[in-house]
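Here are the chains, one letter per residue:
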Amino acid sequence: QAAKSSRTVVITGVPDGLLHDDVMADILMIHFQMSKNNGGDVEEVTYPTRKKGVAYITFEDQEVVESVLKKDEHRLEDKRLSRYYPLKVTRYCENVSAFIIHLLVLLL
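First, a word on what this report is: a plain description of the structure on this page.

Cut-offs and rules
- Residues numbered from 1 in each chain as written.
- Predicted model: local features only at pLDDT ≥ 70, side-chain atom pairs only at ≥ 80, totals over all residues.
- Heavy atoms only, no water.
- Salt bridge = Lys/Arg side-chain N within 4 Å of Asp/Glu carboxyl O.
- Helix = DSSP H or I, 4+ residues; strand = E, 2+ residues; numbered from the N terminus.
- Buried < 20%, exposed > 50% of the residue type's maximum accessible area, 1.4 Å probe, protein only.
- Expected span 1.5 Å × (residues − 1).
- Arc of directions from axis to C-beta.
- Contact = heavy atoms within 4.5 Å.

1. Section: the pattern of salt bridges
Alright, step 1. All told, the structure shown has 6 salt bridges when counted by the stated rule.
Alright, step 2. Salt-bridge contacts for D16 lead to K52; the nearest nitrogen and oxygen are separated by 3.7 Å. With a gap of 36 residues between them, D16 in the loop between β1 (8-12) and α1 (21-33) and K52 in the loop between β2 (42-46) and β3 (54-59) connect regions that are remote in the sequence.
Alright, step 3. Given the relative accessible area of 40%, D16 is considered partly exposed.
Alright, step 4. Ionic pairing is found between R91 and E66, a salt bridge with its closest N-O pair at 3.0 Å. Here R91, found in strand β5 (residues 85-91), pairs with E66, found in helix α2 (residues 62-70); they are 25 residues apart in sequence, far enough to count as distant.
Alright, step 5. The partly exposed category is assigned to E66, whose relative accessible area is 29%.

2. Here we look at α1
Alright, step 1. Between the first and last C-alpha of α1 there are 18 Å, a value that for 13 residues agrees with the 18 Å anticipated at 1.5 Å per step.
Alright, step 2. Here α1 has its buried residues at M24, A25, I27, L28, H31 and F32. Along the long axis of α1, the arc covered by the buried residues comes to 160°, so they all point the same way.
Alright, step 3. In the core, the buried residues of α1 are packed alongside β1, β2, β3, α2, β4 (74-76) and β5.

The following block contains the structure:
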């Protein structure tokens, strides 16, 4: 099995404060398991996180990460939400975020 970080995506644009966190985590899990969203088996949903409106989704297989990233637009829809919310899905890579944080520290 591939390393957890390579099987994880970062989700931004998660609507904040509308529903209980565990309900939102369920909605995210369902979204990313659906084949129409290029999804697959979800191992873990990390929500809420320290960043507002951000979630981490870890899949069982790395291939699912690739297919989820290929989908042009992810719309979070559920009967418990009054409208759909566009989500941005990016690759999770600790190295990149650490590098960016390092750069910001140097610039400040």
